[in-house]
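Overview (structure and organization)
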Amino acid sequence: PGEIAAEITHNLDLLAGQSRNVHTRHQSIRATFEHSWQLLSEQEQRHLRQLSVFVGGFTRQAAQAVIGIGLSRLVSLVDKSLLHYREGGRYQSHPLLWQFAREKLAAHPDELKAVGHQHASYYLELAELADAKLDGPKHIEGFEILTREVPNLRAALNWCQEHDDLEIGLGLLTTLEDFWIRSNDFLMTEILDVFEHFQNLGIP
């Protein structure tokens, strides 16, 4: 049971079945998601797949900046149980649903590239604002912001490496240097990987 539970967390097709007594939309997790997906409007589908660019949750401000979605649309997705609103003003979704939405986003390469770039740009700006607080009276606030957004910062660093985005990538490397030193292990692997990648491209 433990192995099955672990596999379910990242495999949409694990519980697929062929029973004739079960409706097609209930024969696998993927089929269930696909059925729910088809019930959404085109705009809701676009919003949900684009929101999947976030990792580890996101704020309303981040969603607005990255994909242009407003509060009412976020609330609508919460009402449909596609998003969950958490204490502290963050939105999250179930990992399997997010995996499904990311597959939908991957089917739109131009959209994926544009949203990925906007996501990385937003978190560079956020990192710069938080980093500016690290040496002042609000250093705890700045550190907490960066710590909370480590999954999104990691995703942004990986995106810059995969797409050779030197401007944002170098900006993140420079901005996160102080946070990296203070936090020990946070983002160490990603920062070193991106640094080495850019060196291989001839960037000093």
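In this report, the structure presented in the accompanying data block is examined.

Considerations on the environment of R102
Examined against the element boundaries, R102 turns out to sit in helix α6 (residues 95–106). Note on R102: relative accessible area 34%, which makes it partly exposed. Ignoring sequence-local partners within four residues, the contact set of R102 consists of S52, F54 and V55.

Brief notes about unusual backbone geometry
The phi dihedral of S81 falls on the positive side, at around 65 degrees, and the residue is not glycine. Relative to the elements of secondary structure, S81 occurs in the loop between α5 (71–79) and β2 (84–86).

Concerning the packing of aromatic side chains
One pair of aromatic rings is described through two measures. These are the centre distance and the angle between the planes. Summed over the entire model, instances satisfying the criterion amount to eight aromatic pairs. Between F58 and Y91, the aromatic rings sit 5.7 Å apart at their centres with planes inclined by 20 degrees, giving stacked as the arrangement. With a gap of 33 residues between them, F58 in strand β1 (residues 58–59) and Y91 in strand β3 (residues 90–92) connect regions that are remote in the sequence. Classification of Y91 by relative accessible area gives buried; the value is 5%.

Comments concerning the pattern of salt bridges
Within the structure shown, the criterion is met by six salt bridges. In this structure, E103 engages R30 in a salt bridge whose closest nitrogen and oxygen atoms are separated by 2.6 Å. With a gap of 73 residues between them, E103 in helix α6 and R30 in helix α2 (residues 29–38) connect regions that are remote in the sequence. You can call E103 partly exposed: its relative accessible area is 34%. The exposure class assigned to R30 is partly exposed, which follows from its relative accessible area of 25%.

Observations regarding the environment of E162
Here E162 is to be found in helix α9 (residues 150–162). Each C-alpha atom, one on E162 and one on V194, is 9.2 Å from the other, the two residues being 32 residues apart in sequence.

Overview of the nonpolar core
Residues L51, F58 and L172 are the most contacted members of the largest nonpolar core, which totals 47 residues. Among the elements that make up this core, the one with the highest residue count is helix α7 (residues 109–131) (eight residues).

Side note on the packing of α7 against helix α8 (residues 139–148)
Running from N to C, α7 and α8 point in directions that differ by 155 degrees, and their axes come no closer than 8 Å. Relative to α8, α7 is oriented roughly antiparallel. Considering the relative orientation of α7 and α8, their crossing is left-handed. Only G142, I145 and L146 of α8 make contact with α7, whose side of the interface consists of L126, A127, A130 and D131.

Quick notes on the rules
Residues numbered from 1 in each chain as written. Predicted model: local features only at pLDDT ≥ 70, side-chain atom pairs only at ≥ 80, totals over all residues. Heavy atoms only, no water. Helix = DSSP H or I, 4+ residues; strand = E, 2+ residues; numbered from the N terminus. Buried < 20%, exposed > 50% of the residue type's maximum accessible area, 1.4 Å probe, protein only. Contact = heavy atoms within 4.5 Å. Phe/Tyr/Trp six-rings, centres within 6.5 Å; stacked < 30°, edge-to-face > 60°. Salt bridge = Lys/Arg side-chain N within 4 Å of Asp/Glu carboxyl O. Core = buried A, V, L, I, M, F, W, Y, C linked by side-chain atoms within 4.5 Å. Axes fitted to C-alpha atoms, helices over the stretch in contact; angles between N-to-C directions. Parallel < 35°, antiparallel > 145°, perpendicular 65-115°, else oblique. Left-handed = near helix turned anticlockwise from the far one by under 90°.

Remember, this is a structural readout, not a statement about activity or role.
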